2 protein chains.
Amino acid sequence: MALEHAILVSLLEKPGSGYELARRFERSIGYFWTATHQQIYRVLKRMESEGLLAVRELSQQSRPDKKEYSVVGPGRAALSQWLHESIQPESMRHELAVKIRGAAFDDPSVLIREVERHRQVHIDRLAHYLAGELRDFTGPAAPTPLDTGQELQHVVLRGGIAYERMTIAWLDDVLATLRRLGTSPPHA
Amino acid sequence: MALEHAILVSLLEKPGSGYELARRFERSIGYFWTATHQQIYRVLKRMESEGLLAVRELSQQSRPDKKEYSVVGPGRAALSQWLHESIQPESMRHELAVKIRGAAFDDPSVLIREVERHRQVHIDRLAHYLAGELRDFTGPAAPTPLDTGQELQHVVLRGGIAYERMTIAWLDDVLATLRRLGTSPPHA
DNA sequence: CTTGGCTATGCAACGAGTTGCATATGAGGA
DNA sequence: TCCTCATATGCAACTCGTTGCATAGCCAAG
């Protein structure tokens, strides 16, 4: 049910429509929790029927109407309760690592392009995070001092930055290893 | 379908039963891909019916019979084909980060114990990985030189080690931030 | 005036993953 | 004898998540 909680957090930070939430899940919240618009619409509907959210239909000019959701009392209570529960530490889901081990049973060098591609994606994400950090937290236009919400958003963003840096360094290690093995014969 | 591929890799490394695979998914392979035994049994059955795996029923003394699975031609081909396809870079799923941002709407200090608990889990995992590295790759009892499969297993393990170290450092940052905010009033 | 793009919401079908339960063998300890 | 533990496999029901498709309004470009 973590999507439910991610939605509560996002709507507490700022009310919005399903469509707007879907876009937030492509950046910001989406850095550490993903969801497609279909999933979001479905869960929003369920949460509204459970009384966690309130809806307001807004007519808009030059675009379709939208439904703006906001968190109401029971939703806030549900989030608060969840914060007091303990969750189990993340289990990894690293498909590329599966591929790398699998490469032992084929030609490891076929993975070089793939790993290079992933590396570039992580370099782009890092640049994106760093730009966001400068804009919102450490640059001249950032508010000082930061409030609690901003401090917490910043520490989460620092986690994302650390993750991307670590990943890029590891992919460099992977590439060096694949290139070193390049001339070796494939394993039985 | 990544579970399918993780199973192919694991069974190519060494044939085994569903039960044995389930235990491998608690260590080794499980460091970067998780699965429960129910899922594994179900997928094994499907893969066998699709001709990717062969089964051998083994009678055992002093324990129940088991079914030993191994990869056959088409399974190997399926893995090889997957290695040549490209996958999309991982999307994050970091529930703790959602909680941290959510803490802005409650008392941030309630998370301190939770974060400390996660930190300890990652310290334990790091110690476990380092012990495995010493045993299998860098210690005096490790084979020299390593073959291709071992080199690739090692580079994946180095990724796990880097991940745990990064995570521990980040959780220290999170704890320092939570403690600093400890005396502040909760956000609106 | 048609096409493509952005906003905005949604259904239907499927596949992936979790939780709870059920069953059975045999070892070792209370 | 009974209980628990480790081995070993599995069903049923459910939730979560993805993919493909559909609809609809309005704008701007060609």
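These numbers were taken from a predicted model, which means no experiment stands behind them.

**Considering the side chain of His-118 of chain A**
Tracing the backbone shows His-118 of chain A in helix α6 (residues 111-138). Classification of His-118 of chain A as buried rests on a relative accessible area of 2%. Ignoring any residue separated from it by four or fewer positions in sequence, one finds His-118 of chain A in contact with Leu-96 and Leu-171 of chain A together with Ile-87, Gln-88 and Pro-89 of chain B.

**Focus: unusual backbone geometry**
Residue and element names in this part refer to chain A. Residue Thr-144 is joined to Pro-145 through a cis peptide bond whose omega torsion reads -5 degrees. Its place among the elements puts Pro-145 in the loop between α6 and α7 (148-181). Phi is positive for Ser-28, close to 40 degrees, though the residue is something other than glycine. As for its position among the elements, Ser-28 is in the loop between α2 (18-24) and α3 (37-49). By relative accessible area, Ser-28 is classed as buried at 17%.

**What to know about the side chain of His-122 of chain A**
Residue and element names in this part refer to chain A. Within the secondary structure, His-122 sits in helix α6. By relative accessible area, which is 4% here, His-122 ends up buried. With near-sequence residues (within four places) excluded, His-122 lies in contact with Tyr-163, Glu-164, Thr-167, Ile-168 and Leu-171.

**Comments concerning the protein's contact with DNA strand D**
Looking at DNA strand D, there are 24 residues lining it, with Arg-42 of chain A together with Tyr-19, Gln-60, Lys-67 and Arg-93 of chain B nearest. Sugar and phosphate atoms form 62% of the subset of DNA strand D atoms that lie within 4 Å of the protein. A distance of 3.1 Å separates a base oxygen of DNA strand D from a polar atom in the side chain of His-37 of chain B. A distance of 2.4 Å separates a phosphate oxygen of DNA strand D from a polar atom in the side chain of Lys-67 of chain B. When residues of the surface near DNA strand D are traced back to their parent elements, those giving at least two are α3 of chain A together with α2 (18-24), α3 (37-49) and β2 (66-71) of chain B. Tallying contributions element by element places α3 of chain B first for the surface near DNA strand D, with five residues. Considering only residue class, the surface near DNA strand D consists of five nonpolar, nine polar and ten charged.

**Things to note about the UniProt feature "domain: Transcription regulator PadR N-terminal" (unreviewed entry) in chain A**
With numbering aligned to this structure, UniProt lists the feature "domain: Transcription regulator PadR N-terminal" (unreviewed entry) at residues 7-80 of chain A. Taken end to end, residues 7-80 of chain A has its terminal C-alpha atoms 13 Å apart, with 47% of it in helix and 16% in strand.

**Here we look at α3 of chain B**
Residues and elements named next belong to chain B. Taking 1.5 Å per residue, 13 residues should reach 18 Å; α3 reaches 18 Å between its end C-alpha atoms and fits that length. What α3 keeps buried is the set Ile-40, Val-43, Leu-44 and Met-47. In an axial view of α3, the angular spread of the buried residues amounts to 110 degrees, which keeps them on one side of the axis. Looking at α3, the residues exposed on the side facing more than 90 degrees away from the buried face are Arg-42, Lys-45 and Ser-49. Against the buried residues of α3 lie α1 (2-13), α2, β1 (53-58) and β2. Positive phi appears at Gly-51, one or two residues downstream of α3, with a value of about 85 degrees.

How each quantity is defined
- Residues numbered from 1 in each chain as written.
- Chains lettered and ligands numbered in written order.
- Predicted model: local features only at pLDDT ≥ 70, side-chain atom pairs only at ≥ 80, totals over all residues.
- Heavy atoms only, no water.
- Helix = DSSP H or I, 4+ residues; strand = E, 2+ residues; numbered from the N terminus.
- Buried < 20%, exposed > 50% of the residue type's maximum accessible area, 1.4 Å probe, protein only.
- Contact = heavy atoms within 4.5 Å.
- Near = heavy atom within 4 Å.
- Polar contact = N/O pair within 3.5 Å; in protein donor to acceptor, adjacent residues only side chain to side chain.
- Nonpolar A, V, L, I, M, F, W, Y, C, P; charged D, E, K, R; others polar.
- UniProt positions renumbered as here; feature names shortened; annotations may be inferred.
- Expected span 1.5 Å × (residues − 1).
- Arc of directions from axis to C-beta.

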